[in-house]
Structures are given as C-alpha cells and as structure tokens.
Amino acid sequence: GELQVGDQVFDEAGAIRNVVAAFDVMHGHQCYRVSFSDGTSVVPDAEHLWVTSALRPGTPKGPKPPDAARKYRPAVRTTAEIARTLRMPASMSRHPQPKWNHRIDIAGALSTPQATLTIPPYVLGCWLGDGNSADARMTVSRQDWQIVREIEAEGISVAERPVIDRAPRIILGGGDRTAAACRDSLQAKLRALRLLGQKHIPSAYLRASRQQRADLLQGLMDTDGHIAHSGQCELSLCNARLAEDALELIRSLGLKARIRSADAKLYGRVVNTRHRITFWPVAPVFRLA
C-alpha cells in the first residue's frame, strides 16, 4: 500500500526498475496466505498471477496445444489454481511427507553499483564474526591464520598480541593507539558506523555492489561459517540483529537461505540463543583454503 508511481524497486532478476503503475488497496477479495520454503509468506488474492513450474500441471493426457502447460515448464497460474493443485496426488508421492507440486524461481542477485565504503567488506565481515564488540581487536586461531593474511592484503595493518595458552589476539588498523592519533584508524571507522557495542551490517554494505557483498559474506563465513561434506553451508551467530542482516545479505546474492533459532549451550547450560542460517552456494563463499 506504500508503493507509488516513480518509486524504485528490484525486479525478479535483481535489476532496479521504476514503478509505472500502482493499484489501490483492494478489499473484500478471497485471499490466501502463500508460504515459501525459506519461511517467508505473502497474502495475495485468488486471482493474483504467478509464474510457477509444476510437477503435475493438471492438463489431461494426450496431445496438447503448443501453449498448454507442461511438466516442469513455467506457466502463469492464479493463486486459486495453485491452491487446488498444491500437493502431488497421493498415488504419485511415495514419501510420507507432502510432496509440493509448485516451484517459483529464486530472485536474482541484486544488481547495484560499486559503493564507496570506509572499511573493506571482507575485513568488516571478519570483525563482525570474530571481533571484539568494543574495539578493533580480533581473536584468530593459528589454524586460520590465512584470515590475517587476507586482512593485510586488503590494506589493513595487523599487530599481534600473543595470549598464553589461548588463540592470539590481533589489533586491526591501529586500534591500540591514542585517541589523538587514531582519527583514521579502523576503530574510529567502526565508531563512525555506530558498530562498536552494536554489531550489525550497515545499510550501505547491504546495497553495495555484488562483489562487495560477496566479499563481506566471505569474511563472515571465514570466521563463523561451516560447510558440510554435502556442500551445504551454515552461518551460526548469537547476535539476533546481525543474523537478520546476514540473512538479507545472503538472499541479496540470489541464494535461497533459511534461518532457525535454538538454545546455545555450554557444558549443558543455556547461555544464549543461536541463529543458524543455512544455504547452498553457487559461488565460493569462503576464502579460507
């Protein structure tokens, strides 16, 4: 109800488009809640048009005209038509769980211009994942020391502070200098972005170019990510706001991501809530070898 002619939106391919027409909010229509496998949902009316691919298009057997709906071939269907053919017929589904009939394509990666960013996206992703919330320090395992080399390759200086019997602490971009000398330090830049004490992904980074967003995700995944033998990736975070931002970041790259929340336990005691984002990548989302 808020869109107006002249507004800009993203289309299904991720390109920026101008709104050329907007309808008034309609009342008194038969409506459905349509839920998707990534956990999102919308409420369209019965006559809303969709492009779906169906396992069983619902057309009779035998010869069909060239424009008839066919198996796996995208076709235009109304919400009411989808509701009537939502599940596969019982005889076609040998699995005890419902086998959904319809699919829609994942939206394409957002096509946005290169942004001028004060902190390299990869470096910010690493700090968001394993950095101290209050300053420009990070804890990095010796096994993952490649992260330090990647940060240096982004033009950020690194000073190591060994800790006995623990993973080393590193200080990024002059974070340990006096206030008078650190106006251009990484810590000053984190403060200017209002990230100290409240980790999140700034909006400028969420709408940066595709490569910049991919670099940011690589920093997050190198520090807080995991990949299974099957190839499915997971990003696990305890900061709810950062998790929601990371979910938007991943989806903005044209990836189908889901988020689940559960108790985070330490020695059997609940210490926080863990937010797990899972997705299947189509391009490298790690820099770590």
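Above this text is the structure in question.
Below or above, wherever it landed, is the structure these notes cover. (Residues numbered from 1 in each chain as written. Predicted model: local features only at pLDDT ≥ 70, side-chain atom pairs only at ≥ 80, totals over all residues. Heavy atoms only, no water.)

This next bit is on the packing of aromatic side chains. Taken as a whole and assessed by the stated rule, the structure comprises one aromatic pair. Plain terms: the ring middles of Phe-36 and Trp-50 are 6.1 Å apart, the flat faces sit at 55° to each other, and that makes the pair tilted. Within this pair, whereas Phe-36 is found in the loop between β3 (34-35) and β4 (41-42), its partner Trp-50 is found in strand β5 (residues 49-54), the two being separated by 14 residues in sequence. Classification of Phe-36 as partly exposed rests on a relative accessible area of 26%. Given the relative accessible area of 15%, Trp-50 is considered buried. Taking the ring centre of Trp-127 as reference, the NZ or CZ of Lys-199 above it sits at 5.0 Å. The positively charged end of Arg-287 is found above the aromatic ring belonging to Tyr-122, 4.1 Å away from the centroid. (Phe/Tyr/Trp six-rings, centres within 6.5 Å; stacked < 30°, edge-to-face > 60°. Helix = DSSP H or I, 4+ residues; strand = E, 2+ residues; numbered from the N terminus. Buried < 20%, exposed > 50% of the residue type's maximum accessible area, 1.4 Å probe, protein only. Lys NZ or Arg CZ within 6 Å of the ring centre and 35° of its normal.)

Before going further, it helps to spend a moment on a nonpolar patch on the surface. On the surface, a nonpolar cluster with roughly 300 Å² of combined accessible area is contributed by Leu-49, Val-51 and Val-76. Locating Val-76 in the fold gives a position in strand β6 (residues 75-78). (Patch = residues over 30% accessible without salt bridge, like charges linked within 9 Å, V, L, I, M, F, W, Y side chains within 5 Å. Areas by Shrake-Rupley, 256 points an atom, 1.4 Å probe, with all protein chains shown as cover. Salt bridge = Lys/Arg side-chain N within 4 Å of Asp/Glu carboxyl O.)

Quick look at the pairing of strand β14 (residues 269-279) now. Relative to β14, strand β12 (residues 233-237) runs antiparallel, the two being bridged by five bridges. Opposite Ser-236, over in β14, you have Arg-276 as the bridge partner. Pairing between strand β13 (residues 257-266) and β14: ten bridges, direction antiparallel. Looking across to β14, one finds that Ile-259 is bridged to Ile-277. Hairpin connection, β13 to β14: the antiparallel pair is bridged by two residues, and Tyr-267 has positive phi, about 55°. (Pairing = 2+ DSSP bridges.)

Moving on: the sheet that holds β6. The three strands are arranged β6-β5-β7 in an open sheet whose pairing can be described as antiparallel. Two strands lie at the open edges of the sheet, namely β6 and β7 (102-103), each paired on one side alone. Judged from the four bridges that link them, β5 and β6 form a sheet pairing that is antiparallel. In the strand pairing of β6, Thr-52 is matched with Ala-75.

These figures capture arrangement, not role.
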